[in-house]
Amino acid sequence: MTLLDAGSGWQATGPAGMPEPPGSDEIAAGSAAARPLREAWRMFAGNPLALVGLAILAGIVVMTIIGPYLYPVDPFDIVGAPLTPPGEGGLLFGSDYLGRDMLAGIIHGGRASLTVGGFAAIITMAIGISIGALAGFYGGWADRVLMRVTEFFQVLPPLLLAMVLVTLFSPTLTTITLSIGVVSWTNVARLTRAEFLKIRSLDYVLAGRAVGARDRRLIWRVILPNALPPLVVAAALSVGVAILFESGLSFLGLGDPNVMSWGMMIGQNKQVMLDAWWPTTIPGAAIFAAVLSISLIGDGLNDALNPRLRRR
Amino acid sequence: MTADEKPAAPLLKVDDLKVHFAAARRRPFAAAATVHAVDGISFEVARGRTLGIVGESGSGKTTAALAILRLVPITAGTIDLDGVRISALGGEALRQMRRRVQFVFQDPFSSLNPRQRAGAIVREPLDLMGIGSPAEREREVAALFRAVGLRPEQQALFPHQFSGGQRQRIGIARAIASRPDLVVCDEPVSALDVAIQAQILNLLTRLQQTLGLTYVFISHDLGVVRHMCDEIAVLYLGRIVERAARASFFRRPLHPYSAALLSAIPGAGLGRMRLEGDPPSPINLPPGCRFAGRCPFAIDACRQSDPPLRAVADGHLVACHRVDDEGTPPHHAGV
Amino acid sequence: MSAAPLLQIEHLNVGFDTAMGAIMVVRDLDLVLEEGETLCIVGESGSGKSMTALAIMGLVPEPLRVVGGGSIKLSGEELVGASHRRLRQIRGKRISMVFQEPMSSLNPVFSVGEQIAETLRLHEGLGRRDARAAAIEMLQAVGIPAPERRVDDYPHQMSGGMRQRVMIAMALACRPAILIADEPTTALDVTVQAQIMDLLKDVQRRFGTAILLITHDIGIVAEAADRVIVLYAGRRVEEGSAEEVLRRPAHPYTAALVACAPQQLLLGGERRILPEIPGIVPSLLRMPPGCAFAPRCARATAECHAKAPPLLELSAGRASACWLATELGR
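Everything numeric here is computed off the predicted structure, so don't read it as measured data.

To continue, consider the overall build of chain A. Across its full length, chain A holds 12 helices and zero strands. Shown N-terminal to C-terminal, the secondary structure of chain A runs as helices and strands in the order α-α-α-α-α-α-α-α-α-α-α-α. In chain A, which comprises 312 residues, the proportion classed as buried is 47%. For chain A, long-range pairs separated by at least 24 residues make up 72% of all intrachain contacts whose partners lie at least 6 apart in sequence.

Moving on, we get to the interface of chain B and chain C. Across the contact, 42 residues belong to chain B and 39 residues belong to chain C. For the pair chain B and chain C, the summed buried area comes to about 3,500 Å², and 55% of that belongs to carbon and sulfur atoms. Contact with chain C buries area across many residues of chain B, yet Val194(B), Arg226(B) and Pro266(B) alone supply 17% of it, more than any other trio. Across the contact surface, chain B and chain C share one salt bridge. In this assembly, chain B and chain C are joined by 13 residue pairs in polar contact (both at pLDDT 80 or more). Secondary structure elements with two or more residues in the side of chain B that touches chain C: α6 (194-211), α7 (222-228), α8 (246-251) and α9 (256-263) of chain B. The dominant element in the side of chain B that touches chain C, judged by the number of residues it contributes, is α6(B), at 11 residues. Residue classes in the side of chain B that touches chain C are distributed as 19 nonpolar, 13 polar and 10 charged.

Right, let's get into the pairing of strand β7 (residues 182-186) of chain B. Residues and elements named next belong to chain B. Of all the five residues making up β7, five are buried; the element is thus mostly covered by neighbouring parts of the structure. Of the two faces of β7, the one holding Leu 182, Val 184 and Asp 186 and the one holding Val 183 and Cys 185 are both buried throughout. Note that strand β6 (residues 101-104) and β7 share four bridges and pair parallel. Within β7, the residue paired with Val 104 across the bridge is Cys 185. As paired elements, β7 and strand β8 (residues 214-219) share five bridges and run parallel to each other. Of the residues in β8, the one forming a bridge with Cys 185 is Phe 217. Crossover handedness for the path β7 to α6 to β8: right-handed.

Now for unusual backbone geometry. The omega torsion across Glu62(C) and Pro63(C) is -5 degrees, close enough to zero to call that bond cis. Phi is positive for Ser170(A), close to 60 degrees, though the residue is something other than glycine.

Turning our attention to helix α4 (residues 134-147) of chain B. Residues and elements named next belong to chain B. With 14 residues, α4 should reach 20 Å at 1.5 Å per residue; the first-to-last C-alpha distance of 20 Å fits that figure. Among the residues of α4, those classed as buried are Arg 137, Val 141, Ala 142, Leu 144 and Phe 145. One side of α4 holds all its buried residues, which, seen down the axis, span an arc of 160 degrees. In this structure, α4 carries Arg 139 and Arg 146 as exposed residues pointing more than 90 degrees from its buried face. In this structure, the buried residues of α4 make contact with α3 (118-129) and α5 (164-177). Immediately downstream of α4, the backbone of Gly 149 shows phi near 85 degrees, a positive value.

This brings us to the nonpolar core. One finds Leu222(B), Ile116(C) and Leu266(C) to be the most contacted residues of the largest nonpolar core, which totals 141 residues. The element contributing the most residues to this core is α6(B), with nine residues. With sequence-adjacent residues up to four places away left out, Leu222(B) is seen in contact with Val54(B), Phe249(B), Phe250(B), Leu261(B), Leu262(B), Ile265(B) and Leu266(C). Residues Leu31(C), Met57(C), Leu79(C) and Ile178(C) belong to the second largest nonpolar core, which totals 36 residues.

Looking now at the sheet that holds strand β3 (residues 50-54) of chain B. All names here are of chain B. Strand order in the open sheet formed by eight strands is β6-β7-β8-β3-β9-β10-β12-β11, and the pairing between neighbours is mixed. The open sheet is flanked by β6 and β11 (310-313), the only strands paired with a single partner. Going from strand to strand, the sheet's axes swing by 20 degrees on average, the running direction of each strand aside. Bridge count between β11 and strand β12 (residues 316-318): three bridges; the pairing is antiparallel. Among the inter-strand pairings, Ala 313 is bridged to a residue of β12, identified as His 316. On top of the sheet, helix α1 (residues 61-68) reaches β3, β6, β7, β8 and β9 (231-236); it is set at about 155 degrees to β7, its chief contact.

A separate point is a nonpolar patch on the surface. A surface patch of nonpolar side chains, amounting to about 610 Å² of accessible area, comprises Val61(A), Val62(A), Ile65(A), Ile66(A), Tyr69(A) and Leu70(A). With respect to the element layout, Ile65(A) can be found in helix α3 (residues 48-70).

So, about the sheet that holds strand β5 (residues 84-85) of chain B. Residues and elements named next belong to chain B. Ordered in space as β2-β1-β4-β5, the four strands form an open sheet in which the pairing is antiparallel. One side of each edge strand has no neighbouring strand; the edge strands of this open sheet are β2 (34-45) and β5. Alignment of strand β1 (residues 12-22) against β2, held across nine bridges, turns out to be antiparallel. Among the inter-strand pairings, Phe 21 is bridged to a residue of β2, identified as Val 35. Along the sheet face, α1 touches β1, β2 and β4 (76-81) and points at about 115 degrees away from the line of β1.

Looking now at the pairing of strand β1 (residues 7-18) of chain C. All names here are of chain C. Relative to strand β5 (residues 71-74), β1 is paired through four bridges, and the arrangement is antiparallel. The residue bridging Leu 7 from the neighbouring strand is Leu 74, located in β5. In textbook terms, the turn of a hairpin is the stretch between consecutive antiparallel strands, and for β1 and strand β2 (residues 21-33) this stretch comprises two residues. Pairing analysis gives three bridges linking β1 to strand β4 (residues 65-67), with the strands arranged antiparallel. When the bridges of β4 are listed, Gly 15 appears paired with Arg 65.

All names here are of chain A. Compared with an ideal rise of 1.5 Å per residue, which puts 16 residues at 22 Å, helix α5 (residues 140-155) spans 23 Å between its outermost C-alpha atoms and is within 8% of the ideal. Within α5, the full set of buried residues consists of Ala 142, Asp 143, Leu 146, Met 147 and Thr 150. Projected down its long axis, α5 carries its buried residues within an arc of 115 degrees, all on one side. Opposite the packed face of α5, turned more than 90 degrees from it, sit the exposed residues Trp 141, Arg 144 and Val 155. Those residues of α5 that are buried lie in contact with α4 (102-138) and α8 (186-200).

A few words on the environment of Ala285(A). All names here are of chain A. Mapped onto the elements, Ala 285 comes out in helix α12 (residues 278-305). Residue Ala 285 is classed as partly exposed on the basis of its relative accessible area, which comes to 43%. Spatially, the C-alpha atom of Ala 285 lies 9.6 Å from that of Trp 262, the residues being 23 residues apart in sequence.

Residue and element names in this part refer to chain A. Applying the stated criterion to the full structure yields 13 aromatic pairs over all chains. Ring centres of Phe 137 and Tyr 138 lie 5.0 Å apart, and the angle between their planes is 85 degrees; this geometry places the pair in the edge-to-face category. A relative accessible area of 7% means that Phe 137 is categorised as buried. With relative accessibility at 43%, the residue Tyr 138 sits in the partly exposed group.

So, about the packing of α3(A) against α4(A). Residues and elements named next belong to chain A. Running from N to C, α3 and α4 point in directions that differ by 125 degrees, and their axes come no closer than 8 Å. One finds that α3 runs oblique with respect to α4. As α3 runs across α4, the sense of the crossing is left-handed. Taken together, the residues of α4 that come into contact with α3 (itself represented by Ile 60, Val 61, Met 63, Thr 64, Ile 65, Gly 67, Pro 68 and Tyr 69) are Ile 106, Ile 107, His 108, Gly 110, Arg 111 and Leu 114. The residue makeup of the contact of α3 with α4, split by class, is nine nonpolar, four polar and one charged.

Let us look at the side chain of Gln193(C). All names here are of chain C. Of note, Gln 193 is situated in helix α8 (residues 190-207). From its side chain, Gln 193 meets the backbone oxygen of Thr 185 in a polar contact 3.1 Å long. If we skip the residues at most four places from it in the chain, Gln 193 touches Thr 185, Thr 186 and Leu 188.

A few words on the pattern of salt bridges. Tallied over the entire structure, the rule returns 42 salt bridges over all chains. Between Arg123(B) and Glu138(B) there is a salt bridge, with its nearest N and O atoms 3.3 Å apart. On the criterion of sequence distance, the pair formed by Arg123(B) in helix α3 and Glu138(B) in helix α4 is long-range, its members being 15 residues apart. Note that Arg248(C) and Glu244(C) form a salt bridge whose closest N and O atoms lie 3.9 Å from each other. Shared partners join several salt bridges into a network, and the residues in it are Asp39(B), Arg239(B), Arg290(B) and Asp306(B).

Each value, and the rule that gives it
Residues numbered from 1 in each chain as written. Chains lettered and ligands numbered in written order. Predicted model: local features only at pLDDT ≥ 70, side-chain atom pairs only at ≥ 80, totals over all residues. Heavy atoms only, no water. Helix = DSSP H or I, 4+ residues; strand = E, 2+ residues; numbered from the N terminus. Buried < 20%, exposed > 50% of the residue type's maximum accessible area, 1.4 Å probe, protein only. Contact = heavy atoms within 4.5 Å. Buried area = accessible area lost by both parts, 1.4 Å probe. Salt bridge = Lys/Arg side-chain N within 4 Å of Asp/Glu carboxyl O. Polar contact = N/O pair within 3.5 Å; in protein donor to acceptor, adjacent residues only side chain to side chain. Nonpolar A, V, L, I, M, F, W, Y, C, P; charged D, E, K, R; others polar. Pairing = 2+ DSSP bridges. Right-handed = clockwise from strand over helix to strand, strands pointing away. Expected span 1.5 Å × (residues − 1). Arc of directions from axis to C-beta. Core = buried A, V, L, I, M, F, W, Y, C linked by side-chain atoms within 4.5 Å. Axes fitted to C-alpha atoms, helices over the stretch in contact; angles between N-to-C directions. Patch = residues over 30% accessible without salt bridge, like charges linked within 9 Å, V, L, I, M, F, W, Y side chains within 5 Å. Areas by Shrake-Rupley, 256 points an atom, 1.4 Å probe, with all protein chains shown as cover. Phe/Tyr/Trp six-rings, centres within 6.5 Å; stacked < 30°, edge-to-face > 60°. Parallel < 35°, antiparallel > 145°, perpendicular 65-115°, else oblique. Left-handed = near helix turned anticlockwise from the far one by under 90°.

Structural data, given as structure tokens:
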């Protein structure tokens, strides 16, 4: 049989484009994914490990910001006998091999470590995203050139390169931050490029071009916001990596000699490591806590921003 | 709607358009093969009319659409819009041209930026083209929402909060926002449920009437094409194999491929002409007629020489050796 | 009534519980499939048609479950609650399934021959050589040219139509009694769709397979179905012989679907405005209290909005869930 003889009493129902009944669009609005950010936060807040990480990091940040005012002791001043054990002589964390206050060192050193970590991560992300975005968006020879540059940086051992840079430009907080940023952007660039390659072929990018958007807008306002979730995770983790980097450089004696940092505390006290546990263990624990908390936050963000893990 | 009214200069004129691109190499150092996605097509569309482009996957219909919008590089040929050679434009002139030609996408899910609110999506062309003052744009977006059957307060929602049909309405609102002359619709209803398809088709019809729009309507569905289009061009492997006014085409499709397309529609009872195999790829093209490999009526001549598109009746063009000069097709499968 | 029907489903409910209440994807579905016939389940996306197929296969995805003591009987044998082992024996051997997207249902790292042979070795215990020979025979049966050569091809070396033929060959390799085809032609080109529909009819004739065909396309129902069940928002709204249902729909939803079909655009008179169904399918979270179709129905009365109509038997094998059924079905 054919449909030709399939008569039906159905009549046309009113003009086209008749508004749909109110409420029909709230199918999804009522469900969880109404607002992307709020939903991501809900996922994040439901993850106990991520919250622990956030609490630890918040504690460290608050300590480094207001600590120096509550405990105004210069970490370079000698305040007691060398290697005073924790709790004795009014020194909560004891003193180091020169008799300097360890607590003051942790508080002030945290400031340096976190500042370097934060700014180095910003530089890492800025270089990585710019290069990855241009390579992924334009493709062709731009992609080939930029990826060769990326590979060049990738095959150099990053710590060695950072050491060379720091030695060349004399170690200050600024040069250390810049060096760390310059040696660690390659992964971010590759990640950004992969996301851009994936998103640039989607219809809404073409739609943007069809309504007259320029490349600049497509890159920064259309594709980048959609590529953000994995990059946010990468940014969080790169803060942790940068803190470790700074500690490593300071440990090797390539830190800024005028600024106390956790790595410097470990580096300078390393020769007394066998005589007293606290001058190296306490800053080590501080670094551990900071990096671990950032890793936990990164994992939590990864789950919260991953659309496949969302829903229910 | 009167077919005999003589149109003035066409709004859109495409002449011998070709879009070729390099295929991905199978092995390193292998010679790069060329994909003849669109291989010399010509047509005109009068203002206020609708041209249907019909074809299966690999026919080049989407590439042709993107070429008209200058969203893929053109290999050869010209495109004129209202007397302006838009195929020669570049830079800012090309960008300004975009307000006059717009696009409706097939997939209502991937064509809207998931991070943009519905209102911002519709407003974007107005912002980018600098049309009106901010307050005027505000009013215009609200009016556009009403025009496509959405409520203005839905502007604040994100795309995922809408159904497929509603998303397609947003896409249409975006396309008509800059008051274009020409809207290219690429399979605008094929991703939607049947019941919703009719809603969207009715919306497009009504917008054409009220705004005087000209459509290039791309579809694989001959039923939809018959409903929407004044003229029909059938595309096969980058070439137009038949072009005719609607009535003439459906009364008597001349090309064997057109007849096969019609008879393939389930439940319509339009003959039983079955083709062998799938549409071949547009990479290694045979020397003769591109359809010869699947054509039940192919003779030696078809495999040797490529038939030109020629007029066999008033305004009815076909590219087939087997259609004689009186316009008698080898199949006789009229509707 | 002699023996038990080939497939009998009674009171099938598929759903899951959420904080906002139970969501039912399929509600109270009854269905009988007899040997050698083609039954179409037709509906839009979200109608529950695919979930019905998965329930028969015992493959309902988490968090959905078959709930409320429904029953699915294959030749009298209860499948709801059957062991995984038993279901595995039945799947591919007695009931098999063809999906919409042939590319994602074939494993890209094995040749098509190996994939067909795998089914045969698993269920029929054939040896490597026999299984390969049987695979070639099956490829031949589904109209693949030069099967002895194509048997070693990988899925990506084949076109979409070829891959769907391979899927059908794999599904039919063990001569199952039932073939479930879920939108088997939707992803294919028009001319290829027609080939695949012809093939399904052909293998049904040769192997006597009963086909449960799931589709959104009224044209396919018209062409292939013996009987049809129309689903809307998880419920049966109409059933009967395909010819009667399409000719004289006894439910406004069926009538609207028939009127909206693209084939009507091809055959009917010229209209500027098409008949349409306003609005969209209701959210499963907020089902209207009365008839689920009432908010979109041009003929809905106060009674329709207040009370869901039961499935009313109009004649033998013909039923409609509409308060106006008797009036419409005439």
